[in-house]
Amino acid sequence: MGNKYDFNKIESKWQNIWENSDDFHAESVSNKKKYYVLVEFPYPSGEGLHVGHLRSYVALDIVARKRRMQGYNVLYPMGWDAFGLPAENFALKHNVHPKVITEKNVARFKAQLKRVGLSFDWKREVNTTDPSYYKWTQWIFSRLFEKGLATKEDSSVNWCTSCKCVLANEEVVNGVCERCGAEVVQKRKKQWILKITKYAQRLIDDLKLVDYPTRVKQQQENWIGRSEGARISFGSSVGENFDVFTTRPETIFGVSHVIFAPEHKFIDKYAKNIKNIDEVMRYRAEASKKKKEERTDVKTGVKILGITAKNPINGKNVPIFVSDYVLVDHGTGIVMAVPAHDDRDFDFVQKYKIDFISVINEDSETGKSEMINSEFLNGLDVKSAREKVLDYITEHKIGERHVSFKLRDWIFSRQRYWGEPIPIIHCEKCGMVLDKNLPLVLPDLEEFRTSDTGESPLCLTDWIHTKCPKCGGNATRETDTMPQWAGSSWYFLRYIDPSNSNVLASKESLDYWMPVDWYNGGMEHTTLHLLYSRFWHKFLYDIGVVKFSEPYAKRTSHGIILGSNGEKMSKSRGNVVNPNDVVDEYGADVTRLYEMFMGDFEKSAPWDPKGIVGCKRFLEKYWNLQNIVVEGNMVRDELKTYFNRAIKKVSEDIENLKFNTAISSMMDLVSRVKDFGSISKCEMKILTTLLNPFAPHISSEMWFLMGFEENIIFSKWPEFDKKFINFSEHEIVVQINGKVKVKFNIDSEVPDKKLIEICKNNEKVVDFMKGKTIIKEICVSNKLVNFVVR
RNA sequence: GCUGGUGUGGUGGAAUAGGUAGACACAAGGGACUUAAAAUCCCUCGACUGUCAAAGGUCGUGCCGGUUCGAGUCCGGCCACCAGCACCA
């Protein structure tokens, strides 16, 4: 006795040992089977790490540690996604270089992580702001540029009024900037865009190849928003045809009018033919001022006078309107309106008194529907009418089957300083030319201020003047930088070969390590980072850099940790829990254990400062088992079932993200052993191995105290024996009419018939049966008997 | 509105090839140890009812119905909450 659990001493001892060993360093290429475990690398913010970050890191640390024990060559790396606005905004305010702030924050994060005993391979640490890293971000951009997937285009962009910067669609949440919460307005600007839409179909199709939770797959599919239909070419009184996109081509005989988006180019082209062009332009101007939400309720519009449209299928002339419920960047920016079968079109005609006809007759009783008023489609059901009209328009060359996506191209430039410079040189003679001299290093600045015109701070420096690599003439550099999401779109590839200066990672090591076997991260990245990185990886696959088309074989997502008040943790709410404080008070092992024990890993859960003590008591109980150790190389018969069950439960639960029940089964086992009064060395070895991934410090110390010889990190993960999973003694439950009445034990398994007999003769059962007749007997082998009586 | 998910004690949560609801833990209450406190250990802990005490009884997994010998679990219909998307033609 007297050997008290001193977590401070134990934890610093083992963290030191790990620091000076190569135990967590993955071999670059090996004959062993590989396992690549990945967590999202953090943005090293000024606030520091909070307990929410740890949930993901600890969970996959458990997986990584288990895999090492299972004999895999494990890669579990960590790095820093360090470009981004907060550092730049801080720089603006306090006039400190973002580089300095970033370094400070990284050091702080790293120290916090090291206190938790995570088995990261620190030799592979990457930092997106390091020129030797972003050299390859720029390299990938260059390849995208060469393939025509990165272009600079005049487009309508989301403009954050506070950050003075464009945002991707994914970064605008409810009309405000995702990061700062300021209003976002639409602006037309020349911007770099990446053509992610070219990959839309593949990004949907290849979800079949990966093991992601349904909610993640669904959300991505939803975001990409595929809809199948047709483009149909309508005629017009000015002679030029235009295409509409529709998912309901079978309703074409019901078209009462056509609606253009107010911004549509067709209107400009034929402005002189439009008699009320002033009114139309006024409407356009008003629509552009409206926020997205304001466009949603009342449907407004203007009828275009002087031009009519011609329905290609029946030659009917129909009026043309403009209305802001038609979006210029969706489909073709023109819709054919079928008021009888579309709610929005119906709302619209209420106001403008347009005549329309119904083309589908629905029988309210049978629920069957058939086509009417539709010439050659009459009498058909909707589905076959659709097929028939699609064939018809294709054959008569008035349209074709077409698939439309909601996904927009990725707006890739930011007018900020703290990002990867885009390696493009603008030459008057040669146009846009790639700068092949990578990395193109971000120059140091005195001032980080963004100009009021919204240009990047880089435009105010001499850095922009250069020579054209093609013709040698005077040229200027691109001053926009890449968005936050660039560096994180491929970082998992760099971990594989982090110091290679010739290629982003060697072919050999990429082939060995990719794809990532298990990637855990937050749901909030589903339509951002996760989609972007899949896109980049597919591109790298297309140009032969990687061997697999998908980067992550398996993705899981943790629930967020809420504050003790049940609200989201945030500085402004004052409910942030710093892991340092928890580690100070309880130690790293207890912190890790509680992070995993607090609830269902995939659901959000509030941090309960009182709940932690349960985990503390558990580790103390475990620690005190060393006082009752007895010699022995066997699991004692009395404990065999408990041990085998615990091995099974812990092994399976780790794979299924059920860390909470894995821990409770270990708590159970420790209580059993304690009640039993002694633990053999062999039993201690099993228990300690099971606990090691969860609480690595205390278990390593126990391992050491017990004098077990091999390194616990690579010791063999225990296996259970099916023979000992069931108790030899069975509790039998007797139900009468489905209600539990009697319970008793039998020593060994008996056939069903025998069991029913035993139950019938049970004293208490006989009592219950008095004056009743058995109608039916149901038996679940060695478990339960139900008598149905009258 | 659409898509996905969730709903179980005072609390976090267990339990799905349909078979003992509430594992494990927190909080609470009682007791032991102690001069005392902390720590530790033991007991109780869904509701109602019952008894000196027990035994026992009835109800109980958001609501209503169904299937079944038996439903937290399956089916139909609601309600509430969370997340994402949202005039997507």
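Here is a short report on the structure shown in this document. For clarity, every value in this text was computed on a predicted model and none was experimentally measured.

**Some thoughts on the packing of aromatic side chains**
Aromatic ring pairs are described here by two measures, namely the spacing of the ring centres and the angle between the planes. A full pass over the atoms with the stated rule returns 46 aromatic pairs. Between Phe-492 and Tyr-552, the aromatic rings sit 5.1 Å apart at their centres with planes inclined by 65°, giving edge-to-face as the arrangement. Of this pair, Phe-492 sits in helix H12 (residues 491-494) while Tyr-552 sits in the loop between helix H14 (529-542) and strand E25 (555-557), placing them 60 residues apart in sequence. Residue Tyr-552 is classed as buried on the basis of its relative accessible area of 0%. Site record: aromatic cluster; members linked through ring pairs are Phe-141, Phe-145, Trp-192, Tyr-199, Trp-410, Phe-412, Trp-485, Tyr-532, Phe-535 and Trp-536.

**Notes on the sheet that holds strand E5 (residues 150-160)**
The 4 strands lie next to each other as E6-E5-E9-E19, forming an open sheet whose pairing is antiparallel. Where the open sheet ends on each side, the last strands, each with one partner, are strand E6 (165-167) and strand E19 (410-411). When E5 meets E6, the two strands line up antiparallel, connected through 3 bridges. The residue bridging Cys-160 from the neighbouring strand is Cys-165, located in E6. Against the sheet, helix H5 (residues 131-146) touches E5 and strand E9 (184-194), its axis set at about 85° to E9.

**Observations concerning the pairing of strand E31 (residues 739-746)**
Two elements, strand E30 (residues 730-736) and E31, share 7 bridges in a ladder whose sense is antiparallel. Bridge pairing in E31 places Ile-732 opposite Phe-744. Between E30 and E31, which pair antiparallel one after the other, the connecting turn spans 2 residues, and Asn-737 there sits at a positive phi close to 50°.

**Some words on the pattern of salt bridges**
Under the definition given, this model contains 43 salt bridges. Here Glu-550 and Arg-534 are joined by a salt bridge, their closest N and O atoms 2.8 Å apart. Of this pair, Glu-550 sits in the loop between H14 and E25 while Arg-534 sits in helix H14, and the two are 16 residues apart along the sequence. The salt bridge partner of Arg-636 is Glu-683, with a shortest N-O separation of 2.7 Å. With a gap of 47 residues between them, Arg-636 in the loop between strand E28 (629-630) and helix H18 (637-655) and Glu-683 in helix H20 (residues 681-691) connect regions that are remote in the sequence. Judged by its relative accessible area of 21%, Arg-636 falls in the partly exposed class. Looking at Glu-683, the relative accessible area reads 0%, which means it is buried. It is possible to trace a salt-bridge network through shared partners that takes in Asp-206, Arg-534, Lys-538 and Glu-550.

So, how was this worked out
- Residues numbered from 1 in each chain as written.
- Chains lettered and ligands numbered in written order.
- Predicted model: local features only at pLDDT ≥ 70, side-chain atom pairs only at ≥ 80, totals over all residues.
- Heavy atoms only, no water.
- Phe/Tyr/Trp six-rings, centres within 6.5 Å; stacked < 30°, edge-to-face > 60°.
- Helix = DSSP H or I, 4+ residues; strand = E, 2+ residues; numbered from the N terminus.
- Buried < 20%, exposed > 50% of the residue type's maximum accessible area, 1.4 Å probe, protein only.
- Pairing = 2+ DSSP bridges.
- Contact = heavy atoms within 4.5 Å.
- Axes fitted to C-alpha atoms, helices over the stretch in contact; angles between N-to-C directions.
- Salt bridge = Lys/Arg side-chain N within 4 Å of Asp/Glu carboxyl O.

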